Amino acid sequence: MTDTAFNTVQASGSLRKRLMITLIGGTAILALILFFIVRGYAAQIAQNGQDSILEASVSSILDAAILRDGSVEIDFPYASLSMLDTLEDDRVFYAIYQDDELLSGYATLPRPQSVTDRAAFETLVFQETPVRLASASRVLIGASERTEISVVVGQTQDALSGTLNSISRNVAAFGAGFFALVSLLSFWATATTINPLQRLANAVKRRGPQDLRPFDKAVPVEMVPLVSSLNTLMGRLDQSLTQSEDFIAEAAHRVRTPLATVRSYAETTLVRVTKSENRAALRSMIRAIDESSRAAGQLLDHAMITFRADHLDRQKIELVALVQELVTRLEPIAQMKDVELQLTAPLPVEISGDPILIQNAVRNIIDNALKYSPSDAVIIITVDAQDRPKIQVCDQGPGFPPDEIATLTNRFARGNNAKDIVGSGLGLTIAKDVVAAHDGTLEIFNHDKGGACAVLSF
Ligand SMILES: Nc1ncnc2c1ncn2[C@@H]1O[C@H](COP(=O)(O)OP(=O)(O)OP(=O)(O)O)[C@@H](O)[C@H]1O
Ligand SMILES: [Mg+2]
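Thresholds applied
- Residues numbered from 1 in each chain as written.
- Chains lettered and ligands numbered in written order.
- Predicted model: local features only at pLDDT ≥ 70, side-chain atom pairs only at ≥ 80, totals over all residues.
- Heavy atoms only, no water.
- Disulfide = S-S within 2.5 Å.
- Helix = DSSP H or I, 4+ residues; strand = E, 2+ residues; numbered from the N terminus.
- Buried < 20%, exposed > 50% of the residue type's maximum accessible area, 1.4 Å probe, protein only.
- Pairing = 2+ DSSP bridges.
- Axes fitted to C-alpha atoms, helices over the stretch in contact; angles between N-to-C directions.
- Contact = heavy atoms within 4.5 Å.
- Domains from an automatic or database assignment.
- Parallel < 35°, antiparallel > 145°, perpendicular 65-115°, else oblique.
- Left-handed = near helix turned anticlockwise from the far one by under 90°.
- Nonpolar A, V, L, I, M, F, W, Y, C, P; charged D, E, K, R; others polar.
- Near = heavy atom within 4 Å.
- Polar contact = N/O pair within 3.5 Å; in protein donor to acceptor, adjacent residues only side chain to side chain.
- Areas by Shrake-Rupley, 256 points an atom, 1.4 Å probe, with all protein chains shown as cover.

## Some thoughts on the state of the cysteines
In this structure the tally under the stated criterion is one disulfide. Two residues share a disulfide in this structure: cysteine 394 and cysteine 453, whose sulfurs sit 2.0 Å from each other. What sets the handedness of the cysteine 394 and cysteine 453 disulfide is the S-S torsion sign, and at about 115° it is right-handed. Of the two residues, cysteine 394 is situated in strand S12 (residues 390-394) and cysteine 453 in strand S14 (residues 452-457); the sequence distance between them amounts to 59 residues. Take cysteine 394 and cysteine 453: they sit in the same class, and that class is buried.

What follows is the structure in structure tokens.
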């Protein structure tokens, strides 16, 4: 899996945002509900307070009413009305009736009708302001008569609404504080909820490409299904990777072994056959076998490289030692052609990469130099780390065909100079893919003094 595979994952919303919106939105609604409940409750308590003073005022007036010699006398104390004094200087109104006939006060003051024998209350607009009214009545019984006295006392509500406003302000301030606190808490709650997910993602990211062990760290219950499917997936991946690697090795073996057998039969037969046309046939048979064997080998190498490049297993590699080992291994082939392999490497060069892949790439480049350059020549291999770690291989042959140089690294591309030489056109492709997997580049060009040069830089 490359990074681009991860980048194509489509994001739909964010868990963090969703959680935050739910928590903060829920808190806002809760704070509003709380505000209205508290305000309603406070309004009721304040109203009850006003009502009980009004009721006390009404009853103190009723208490002052006496029946003397058949007529009603009311000499109510100053306190009856002054008990209604407020800081806001609320206005007070009253009316006293004897059997529906006004004895004193405002004739226009409405009279709330009491259903029970308790005081009746009502809020009305009187003289263009809301007024709270309380009324009660009492029956006075004299020697020969009975009469009913009704009293209405009203008060404007300026002090009451002042109190209510200040309560509302306080409750609103508390609500805002509560909201801010819960918003902070929701940041914290979201972070602690998201953290295990983040940790899991980081653990996946930190793993090496070859590391397909299951996750064994404890995760929250809700994440168990995710992690266990991830583990199952990795198990399957591990299995199929191992299978593919085995398959490639097995396939290479199965193809090359019978070809080698056929080739050795053909060669021994060639020694015995004398007829020239038969010899020619055998020679082209051997050539065809070499071609197929090379093609099979290169195809399998290419498959192996594609596979390993996808799961790049980076290790510390010292390039000089790696190239030196290759040179030693290719020395016999070079000697057969009387070609000298000259390695120049002033200092060790370290890179991180897959040694198997890099070896394969360099071998293909040296192999080309050996194949396409004449006998008695020198192949100069340079390893250095000037601006970038690089390996340069230059030969003294005819060089790359100039008109084809741009396409030679394509798959199966062979130049017109390769007609008599066994090959499959995959060597440069392999080298290019290997450096690309290491974020490097392959450059091929012809030297001024003749000869082909290939530079792998990492
Ligand atoms: N050192 C070189 N000198 C001249 N031509 C070269 C050199 N190296 C490569 N070429 C040209 O580039 C072509 C592609 O090289 P490449 O290594 O990809 O394939 P190949 O050598 O033909 O086959 P193989 O897959 O067996 O390596 C060759 O066919 C040849 O024409
Ligand atoms: Mg080649």
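Alright, that's what it looks like, and here's the rest.
## Considering the sheet that holds strand S6 (residues 129-141)
Spatially, S4-S3-S7-S6-S5 is the arrangement adopted by the five strands of the open sheet, whose pairing is antiparallel. The open sheet terminates on both sides in strands that have one partner only, identified here as strand S4 (101-105) and strand S5 (120-126). Here the strands of the sheet are splayed against their neighbours by 25° on average, with no regard to which way each runs. Taken strand by strand, helix H2 (residues 15-64) contacts strand S3 (92-98), S5, S6 and strand S7 (146-156), and its axis lies near 35° from that of S6.

## A few points about the domain arrangement of the protein chain
Annotation of the protein chain at the domain level lists domain 1 (1-206), domain 2 (210-311) and domain 3 (313-458). Relative placement of domain 1 and domain 3: their C-alpha centres are 91 Å apart.

## Description of the packing of H2 against helix H4 (residues 158-206)
It is at 8 Å that the axes of H2 and H4 come closest, and there the two elements cross at 160°. As far as their axial angle goes, H4 and H2 are roughly antiparallel. In this structure, H2 crosses over H4, and the sense of that crossing is right-handed. Class assignment of the residues belonging to the contact of H2 with H4 gives a composition of 26 nonpolar, ten polar and two charged.

## Thoughts on the pairing of S14
In terms of residue burial, S14 counts as a mostly covered element, since six of its six residues are buried. Here S12 runs beside S14; their pairing, made up of five bridges, is antiparallel. Across the sheet, residue cysteine 394 finds its bridge partner in S14, namely cysteine 453. In this structure, strand S13 (residues 441-446) lies alongside S14, joined through six bridges in antiparallel fashion. Note on S14: the bridge partner recorded for threonine 441 is serine 457. Between the end of S13 and the start of S14, which pair antiparallel, lie five residues, with glycine 450 showing a positive phi angle near 90°.

## Structural notes on the sheet that holds strand S9 (residues 340-344)
Spatially, S9-S11-S12-S14-S13 is the arrangement adopted by the five strands of the open sheet, whose pairing is mixed. In this open sheet, the two edge strands, each paired with only one partner strand, are S9 and S13. Averaged over all neighbouring strand pairs, the angle between strand axes comes to 15°, with direction disregarded. Relative to S12, strand S11 (residues 378-384) is paired through five bridges, and the arrangement is antiparallel. Looking at the pairing, threonine 382 lines up with glutamine 392 of S12. Contacts from helix H7 (residues 319-336) reach S9, S11 and S12, with the element oriented near 170° to S9. Its contacts with the sheet place helix H9 (residues 427-437) against S13 and S14, and it is angled at close to 140° to S13.

## Notes on the site of ligand 1
Taken together, the neighbourhood of ligand 1 is formed by 22 residues, with Arg294, Asn368, Arg414, Asn417 and Leu426 sitting nearest. Taking arginine 294, its side chain carries an N or O atom lying 2.6 Å from an oxygen atom of ligand 1. Aspartate 395 places a polar side-chain atom, nitrogen or oxygen, 2.8 Å from a nitrogen atom of ligand 1. In isolation ligand 1 has 590 Å² of accessible area, and contact with the protein removes 99% of it. Looking at the shell around ligand 1, the elements that each hand over two or more residues are helix H6 (276-310), helix H8 (355-372) and H9. Ranked by residues supplied to the shell around ligand 1, first place goes to H8 with four residues. Its residues placed into classes, the shell around ligand 1 shows nine nonpolar, nine polar and four charged.

## A short note on the packing of H7 against H8
A pair of packed helices can be characterised by two numbers: the angle between their axes and the separation between those axes. Following both chains from N to C, one finds H7 and H8 inclined at 40°, their axes separated by 10 Å at the closest point. One way to sum up the angle between H7 and H8 is to call them oblique. As for how H7 packs across H8, the hand of that crossing is right-handed. Residue-level contacts link Leu319, Leu322, Val323, Glu325, Leu326, Arg329, Leu330, Ile333 and Ala334 of H7 to Pro355, Ile358, Gln359, Val362, Arg363, Ile366 and Leu370 of H8. Per-class residue counts for the contact of H7 with H8 are twelve nonpolar, one polar and three charged.

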